Each structure stands twice: as C-alpha cells, then as structure tokens.
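Overview (structure and organization)
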Amino acid sequence: MTRNHPKLDEDLYYEGVPDYMTEVYDWAYVDPKRVRLLDRNSVVKTLLFTNDQRLMQSYLDEITPGSRVWQVAHVYGDLVARAADKVGPAGAFHLTDITPIQIEHGSRKLAAKPWTRVVRADAAHWQAEDRPYDLICSFFLLHEVPEDKKYLIVNNILDQLPKGGKAVFVDYHRPHPLQPIGWLLRGVNAWLEPFAKALWDREICTYARNPAAFAWQKKTFFGGVYQRVVVTHA
Ligand SMILES: C[S@@+](CC[C@H](N)C(=O)[O-])C[C@H]1O[C@@H](n2cnc3c(N)ncnc32)[C@H](O)[C@@H]1O
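Residues numbered from 1 in each chain as written. Predicted model: local features only at pLDDT ≥ 70, side-chain atom pairs only at ≥ 80, totals over all residues. Heavy atoms only, no water.

1. Notes on the site of the ligand
In the vicinity of the ligand lie 21 residues, with Y20, Y76, D97, D122 and A123 positioned nearest. Side-chain polar atom of Q102 to an oxygen atom of the ligand: 3.4 Å apart, as the coordinates give it. At 2.9 Å from a nitrogen atom of the ligand is found a main-chain nitrogen or oxygen belonging to A123. When the ligand is considered free in solution it has 590 Å² of accessible area, and contact with the protein chains removes 97% of it. Residues belonging to the shell around the ligand are distributed by class as follows: 15 nonpolar, 3 polar and 3 charged. (Near = heavy atom within 4 Å. Polar contact = N/O pair within 3.5 Å; in protein donor to acceptor, adjacent residues only side chain to side chain. Areas by Shrake-Rupley, 256 points an atom, 1.4 Å probe, with all protein chains shown as cover. Nonpolar A, V, L, I, M, F, W, Y, C, P; charged D, E, K, R; others polar.)

So, in structure tokens, the structure goes:
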C-alpha cells in the first residue's frame, strides 16, 4: 500500500519528472508551492468555465459501487475523493500520477479510504497487478501530453480493458465555430498548452491501435469545448 508519502526536499519533487511536465507545466503541476495554491475546487471551476460539476459527474456516473477503478492522473479539488467514495469499500480505487507533489496531494485526500491505492507511475505504462479494472478514467490528461505519449496512454488503457470493461476520457474538443470561448482557448493553447490543439483536430479513437475492437460513444459539452468519450470493450 502506497501511503503516508513524506514531504520531500524541493529537488526531489523534480526527480524523474518528464521534460514535458517541467518545461510546459512546472507552474501548474510540478512546483510544490504552486500546487499547494492551485489544488482546490474553485481553481478547477474557473479553468473549466464552471462546467466542472457536469464534466466530473459524467465520469462519476460511469462508476459502479464495488467495482475496480483506475484513475490515471490526479485532479485538483475533491474529484478523486468523490470517485473513491462512489467505488466504496467493497471495491478498489487506484490513482496514479507521474509527479511527486501530485502523489502527495492524492495520498492525503485518500488516506482515510483503505480501498484506495496511490502509486507514482506513468499512465502510459502502469499495469493492473491482480484482476483487471472495470473502469479506467483519464480526466483532462490527454491534452497535456505530447502526441507519442497520447498514443501510449490510450493504448495502455485499452489494452487493460477486459470484455465488458469501460474507459472514460474527459477532455478538450474542437469548439463549435460560434462558441466564443473557442477563440480564447486558441490563445491559451498557443501560449500555455501546446499539446491541447491535437484534440481539436482528431478524435480520441484515432490514437487506438485497434479501434474496431471497442464501441466508442462521444458526448460534447459547452458548445463542443469538452468531450466525454466512453469506450466499451464489447
Ligand atoms: C489530469 S491532468 C489535469 C487535470 C485538471 N486540469 C485539474 O484541474 O487538475 C494533470 C495531472 O496529470 C499528471 N500527469 C501528466 N503526465 C502524466 C502521465 N504520463 N502519467 C500520469 N500522470 C500524468 C500531472 O502530474 C497532473 O497531476
């Protein structure tokens, strides 16, 4: 069980963190001082233009109590605790993340829930140790990683889905031309999120090695700005 992660010396928060995280997202997800400021519901609400609850609910609705769930990366605010609560003590909730500070925060949020496990791992390579997962969720991770990493993450998730298992991807999408937020996001992407525009240009299913082996259901939100894709291994 991976718990009680001690506070680290400042340098150790950077050890083994991939370049795309330190070069692009240091301010948001790696620098421990910034992360302590940003890890709150109000920040997620602001970043998602108040669509946070319905996007989170679109993931939580897919969780069956007592099932085995893997959330591939930490999310600010209370989402991981809510997802773990929905799984409940009859199931298993595993959270991975690639940066030490996010592991520290995720571990703290889940410390009182013994059916949870927090592991420092790359979502592109983490493997379930015992039975496979019933549900695997990527919540706003794909837009933050380079293209080769998107392929690896999507296929690692799909490779681990048993027959009947589901994956949920909640992320950005190409806004409708009449959605004015689209113009704001173009600027944000050019300035801060260099890997996000890819999700405007291609469907998540195109990252899959064998998309035909799965059923893909996409729903968009907020004039196309966001998408939830549910993938079922039929
Ligand atoms: C899920 S995304 C963004 C979520 C959302 N914007 C929020 O409000 O928190 C951010 C997380 O992904 C993690 N991350 C980035 N690359 C990863 C990878 N390859 N495997 C696992 N976690 C990763 C980062 O460390 C960070 O905690």
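2. Observations regarding the pattern of salt bridges
Counted according to the given criterion, the structure contains 17 salt bridges. Each member of the salt-bridge network shares a partner with another, and the members are E62, K166 and R228. (Salt bridge = Lys/Arg side-chain N within 4 Å of Asp/Glu carboxyl O.)

3. Here's the deal with the side chain of K113
Mapped onto the elements, K113 comes out in the loop between α7 (100–110) and β3 (116–120). The class of K113 is buried, set by a relative accessible area of 13%. Looking at K113, its side chain comes within polar contact range of the side chain of D85, at 2.8 Å. (Helix = DSSP H or I, 4+ residues; strand = E, 2+ residues; numbered from the N terminus. Buried < 20%, exposed > 50% of the residue type's maximum accessible area, 1.4 Å probe, protein only.)

4. Details of the packing of aromatic side chains
On inspection of all chains with the given rule, the structure shows 12 aromatic pairs. Here the aromatic rings of Y20 and F195 are separated by 6.5 Å at their centres, their planes lie at 90°, and the arrangement is edge-to-face. Taken together, the residues span a long stretch of sequence, with Y20 in helix α1 (residues 19–24) and F195 in the loop between α9 (181–192) and α10 (198–201) at a distance of 175 residues. Each member of the pair Y20 and F195 is classed as buried. Measuring from centroid to centroid gives 5.5 Å for Y29 and Y76, while their planes differ by 40°, and the two rings are tilted. Of this pair, Y29 sits in helix α2 (residues 26–30) while Y76 sits in the loop between β1 (68–71) and α6 (79–87); the two residues are 47 residues apart in sequence, bridging distant segments of the chain. (Phe/Tyr/Trp six-rings, centres within 6.5 Å; stacked < 30°, edge-to-face > 60°.)

5. Quick look at helix α8 (residues 147–159)
Here α8 spans 18 Å end to end across 13 residues, near enough to the 18 Å set by a 1.5 Å rise per residue. Those residues of α8 lying buried are K149, K150, I153, V154, N155, N156, I157 and L158. (Expected span 1.5 Å × (residues − 1).)

6. Some thoughts on α7
With 10 of its 11 residues buried, α7 lies for the most part within the structure. For α7, the set of buried residues is P100, I101, Q102, I103, E104, H105, G106, S107, K109 and L110. Along its buried surface, α7 packs onto α2, α3 (32–38), α6, β2 (92–97) and β3. (Contact = heavy atoms within 4.5 Å.)

7. A few points about the environment of G77
Within the secondary structure, G77 is located in the loop between β1 and α6. With 94 residues separating them in the primary sequence, G77 and D171 have C-alpha atoms 17 Å apart. With sequence-adjacent residues up to four places away left out, G77 is seen in contact with D39, R40, N41, V44 and K109.

8. Remarks on the pairing of strand β7 (residues 226–232)
Across the 7 residues that make up β7, a large majority, 6, are buried. Summarising the sheet, strand β6 (residues 215–221) and β7 pair through 7 bridges and their orientation is antiparallel. Residue pairing in the sheet places W216 in a bridge with V231 of β7. (Pairing = 2+ DSSP bridges.)

9. Here we look at the sheet that holds strand β5 (residues 166–172)
Strand order in the open sheet formed by 7 strands is β3-β2-β1-β4-β5-β7-β6, and the pairing between neighbours is mixed. Edge positions in the sheet fall to β3 and β6, since each of these pairs with one other strand and no more. Averaged over all pairs of adjacent strands, the angle between strand axes in this sheet comes to 15°, irrespective of strand direction. Of the strand pairs in this sheet, β1 and strand β4 (residues 135–139) are connected by 3 bridges, and their pairing is parallel. Bridge pairing links W70 to I136 in β4. Running over the sheet, α6 touches β1, β2, β3 and β4 and is turned about 155° from β2. Along the sheet, α8 contacts β1, β4, β5, β6 and β7; its crossing angle with β5, the most-contacted strand, is approximately 155°. (Axes fitted to C-alpha atoms, helices over the stretch in contact; angles between N-to-C directions.)

10. With respect to the packing of helix α5 (residues 52–60) against α6
It is the contact of α5 with α6, at a shortest axis distance of 11 Å, that shows an interaxial angle of 30°. It follows that α5 is roughly parallel to α6 by the angle criterion. For the pair α5 and α6, the crossing hand works out as right-handed. Contacts from Q53, M56, Q57, Y59 and L60 in α5 reach L79, R82, A83 and K86 in α6. Tallied by class, the residues present in the contact of α5 with α6 amount to 5 nonpolar, 2 polar and 2 charged. (Parallel < 35°, antiparallel > 145°, perpendicular 65-115°, else oblique. Left-handed = near helix turned anticlockwise from the far one by under 90°.)

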